[in-house]
Amino acid sequence: MIKTSYEFDQSILAAGSSLKTNILLRFRADIAKSPRRNLNLSLVIDRSGSMAGAPLHHALKAAESVVDQLELDDILSVVVYDDEVDSVVPPQSVTNKAALKNSIRKVRAGGITNLSGGWLKGCEHVKTRLDPQKINRVLLLTDGHANMGIQDPKILTATSGQKAEEGIITTTLGFAQGFNEDLLIGMARAATGNFYFIQSIDEATEVFSIELDSLRAVVGQNLKVTLELADGVSLVDTLSLAKVSQNDAGQAVITLGELYEGEDKLLGLSLEISSAQVGELPVMKLHYSADVVQDNRIQSVSGTIDIVAKVGTVEEAAFAATSHIILELSRLTIAKAKETGLNLAEHGKHQEAEQTLRALVKDLRDKGLNENFEIAEEIDQLEYFARRIAQKALGNAGRKEMRDQTYQTMTRNRSDLVGRGVTTGDEVYAMPIVNEVGSGVELYCVREGGKLRVKVISGGYDSTKNIQFPRAIRAEGARYVVEGLELSSDGTFYRVHSKITRFAQPGETDIFVAPRQSHPANTGKASKGPASAADLPTTDSVGDSILVQCVKDGSKLRARVVSDGYEPDWNMRFPRSVREEGMLYVVDEVKTAPDGKSYIACGEIKRFVQPT
């Protein structure tokens, strides 16, 4: 059975014409606690050059952690890809975890990114053991753009949807700052899988665990709802990132994907009602269907519920209590506004985008919703994004945060996935600095579950409480001094209403004086090599440099750039004395040659070695 419920944002609607209202629908698989379903899982991991160093190291550690969490009856395969695709673990039961982890540890960074080849191989492995009673899933992890194989996002997204129809669901994981979030989110949405933004390299294991927890909790799949709207009722917007189509009768069909044990699937709808009279107003019939676990088997269930609104006089509506679900509807509205604002900004409508976000901030404050900590946090996010968009300085990191926050809020109902973001605000570098706390209150910024939180250090305050604090100046590890803090009206969090300065401990290095990473000096001079590759200095990180690989091209050894953002098949002027097939190198700079179709390696060359 599927338990359904609904609530309008206003418990009584005002009689009259052209009413607008929002409704929140909840779906939950109402079943007895079921045994964990076995997994048929394929991990598909990008090992291209841009993953070299710490990113690949942490990704492989995360893959090992997945092995540790699987059980004997689970099926696992592991695929790694660069320009070539390798199945380091063919599909098999998880009977020898030590051997599986040893196979994963042997993976080394390689060349360019054949994302489609790796992903399709993972789908192929899952298909060989496809079982409708299992969770059949591909986890695709990448840090870059597809630059080999099938590269068209439309084809990859459509194919992801086709694989889902065959029973193979794809979850995508974007690593660091170089991946194509539109592609990964598009693939996840088409497949009704999940998407995760792994914002810092040490977060990979945590995010893999969240996905495994989700897979273990799947108790229903293929949830679809059809809206049979009453006369005079129209659908204005869908406050969920669900696939919306139309059936032959012209009715909206919304695909919501999976149901998780203990987690409501939420669907927000914005409706317009042409006219309403006092009494009960039929709004729609909602038809639903899903495949759920019953008696330890997957069975199809369906049902219909009648959605009816209460309509009263203007006075009755004014005095009626606002529904308690206003907070949840507000979260969906905020996510929708972020999506709208980002789309406007990307079409050059920066002022309109800023106005959209700031208008919502005003509405939230006018409703007093800033007294709720999570909404107060969202207000800080909205103000931060509005300012960055107005300055045309949202940047890659800001865009990914907005897309991720929108996706998680509108697809899942988990607090540990909402509002994540760890990018340091640029404004922290320009803050006034003090070297003593004096009579002020000392605060510090930490990352908790992918979120930047500000806590109090000074005595006399509750150090467990969160602090509402401007998003623009949050930076992990930073300390601040304020004149004082005051409790929110409900006593659950603190607010800062005084001047904020950054605190730098005397005698300690101030890591926020300048950006932490130093850039190699670009000489513009072509690289020169020693007598052999063995004489090159070594490094286990790429940083801001460029990764190059030596490959066999017929009878010749060629140097090719494997870092993202370069043409992968262009030849390169590179010292012959250090060329060895398959070897990876780190160079300071790569310039385009005068012919406009080849590269020149410039500056120092180092031999790249995989970190242990």
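Right above here is the structure, for reference.
Rules and cut-offs
- Residues numbered from 1 in each chain as written.
- Predicted model: local features only at pLDDT ≥ 70, side-chain atom pairs only at ≥ 80, totals over all residues.
- Heavy atoms only, no water.
- Phe/Tyr/Trp six-rings, centres within 6.5 Å; stacked < 30°, edge-to-face > 60°.
- Helix = DSSP H or I, 4+ residues; strand = E, 2+ residues; numbered from the N terminus.
- Buried < 20%, exposed > 50% of the residue type's maximum accessible area, 1.4 Å probe, protein only.
- Lys NZ or Arg CZ within 6 Å of the ring centre and 35° of its normal.
- Pairing = 2+ DSSP bridges.
- Axes fitted to C-alpha atoms, helices over the stretch in contact; angles between N-to-C directions.
- Contact = heavy atoms within 4.5 Å.
- Salt bridge = Lys/Arg side-chain N within 4 Å of Asp/Glu carboxyl O.
- 1 Å grid on protein atoms, 1.4 Å probe; cavity = no way out; pocket = protein on both sides within 12 Å on 5 of 7 lines; lining within 4 Å.
- Points joined across faces, edges and corners; volume = space filled by probe spheres on them.
- Nonpolar A, V, L, I, M, F, W, Y, C, P; charged D, E, K, R; others polar.

(A) Summary view of the packing of aromatic side chains. For the structure on display, the rule yields eleven aromatic pairs. Between Phe-179 and Phe-197 the ring centres are 5.6 Å apart and the planes differ by 65 degrees, which places this aromatic pair in the edge-to-face class. With Phe-179 in the loop between strand E8 (169-175) and helix H5 (181-191) and Phe-197 in strand E9 (residues 195-198), this pair connects stretches of sequence that are 18 residues apart. Here the two residues Phe-179 and Phe-197 agree in accessibility, since each one is buried. Each ring, one from Tyr-429 and one from Phe-512, has its centre 6.3 Å from the other, and the planes form 55 degrees; the classification is tilted. With a gap of 83 residues between them, Tyr-429 in the loop between helix H11 (395-411) and strand E17 (433-434) and Phe-512 in the loop between strand E24 (500-503) and strand E25 (538-539) connect regions that are remote in the sequence. For Tyr-429, a relative accessible area of 28% gives the class partly exposed. Through a chain of ring-to-ring contacts, the aromatic side chains of Phe-179, Phe-195, Phe-197 and Tyr-407 assemble into a single cluster. Between the NZ or CZ atom of Arg-412 and the centre of the ring of Tyr-260, over which it lies, the distance is 4.0 Å. A cation sits over an aromatic face here: Arg-471 above Tyr-384, 4.6 Å from the ring centre.

(B) Molecular detail of the sheet that holds strand E11 (residues 233-238). If you trace the four strands from one edge of the open sheet to the other, you get E1-E3-E14-E11, paired in antiparallel fashion. Two strands in the sheet have a free side with no partner beyond their single neighbour: strand E1 (2-8) and E11. Taken over all neighbouring pairs, the strand axes of this sheet differ in orientation by 30 degrees on average, direction set aside. With seven bridges joining them, E1 and strand E3 (residues 16-29) adopt antiparallel strand pairing. Paired with Phe-8 across the strands is Ile-23, a residue of E3. Sheet strands in contact with helix H8 (residues 326-346) are E3, E11 and strand E14 (265-276), and its direction is about 105 degrees off that of E3.

(C) Examining the pattern of salt bridges more closely. Within this structure, the stated rule accounts for 41 salt bridges. Note that Lys-400 is salt-bridged to Glu-181, the shortest N-O span being 2.8 Å. Of this pair, Lys-400 sits in helix H11 while Glu-181 sits in helix H5, placing them 219 residues apart in sequence. For Glu-181, a relative accessible area of 6% puts it in the buried group. Ionic pairing is found between Lys-455 and Glu-448, a salt bridge with its closest N-O pair at 3.9 Å. The exposure class assigned to Lys-455 is buried, which follows from its relative accessible area of 7%. Linked by salt bridges that have partners in common, Glu-181, Asp-182, Glu-346, Arg-399, Lys-400 and Arg-403 make up one network.

(D) Representation of unusual backbone geometry. At Ser-18, a residue that is not glycine, the phi angle is positive and equals roughly 55 degrees. With respect to the element layout, Ser-18 can be found in strand E3. Its identity is not glycine, yet Thr-192 carries a phi of approximately 55 degrees, on the positive side.

(E) Representation of empty space enclosed by the protein. Taken as a whole and assessed by the stated rule, the structure comprises three cavities of 30 Å³ or more. Elements with a minimum of two residues in the lining of the largest cavity: H5, strand E13 (252-260), E14 and H11. At five residues, the largest contribution of residues to the lining of the largest cavity is made by E13. Residue composition of the lining of the largest cavity, by class: eight nonpolar, seven polar and five charged. In this model, the second largest cavity occupies a volume close to 50 Å³. As for the second largest cavity, its lining consists of Asp-264, Lys-265, Leu-266, Leu-332, Thr-409, Met-410, Thr-411, Arg-412 and Asn-413. Contributing elements (two or more residues each) for the lining of the second largest cavity: E14 and H11. Split by residue class, the lining of the second largest cavity holds three nonpolar, three polar and three charged.

(F) Structural context of the sheet that holds strand E4 (residues 39-46). Spatial strand order, E6-E5-E4-E7-E8-E9: six strands in an open sheet with mixed pairing. Pairing within the sheet leaves two strands with one partner each, and these edge strands are strand E6 (85-93) and E9. The average angle at which neighbouring strand axes cross in this sheet is 15 degrees, direction not considered. Pairing between E8 and E9: four bridges, direction parallel. Paired with Thr-172 across the bridge in E9 is Phe-195. Contacting strand E5 (75-81) and E6, helix H2 (residues 97-105) runs over the sheet at an angle of about 170 degrees to E6.

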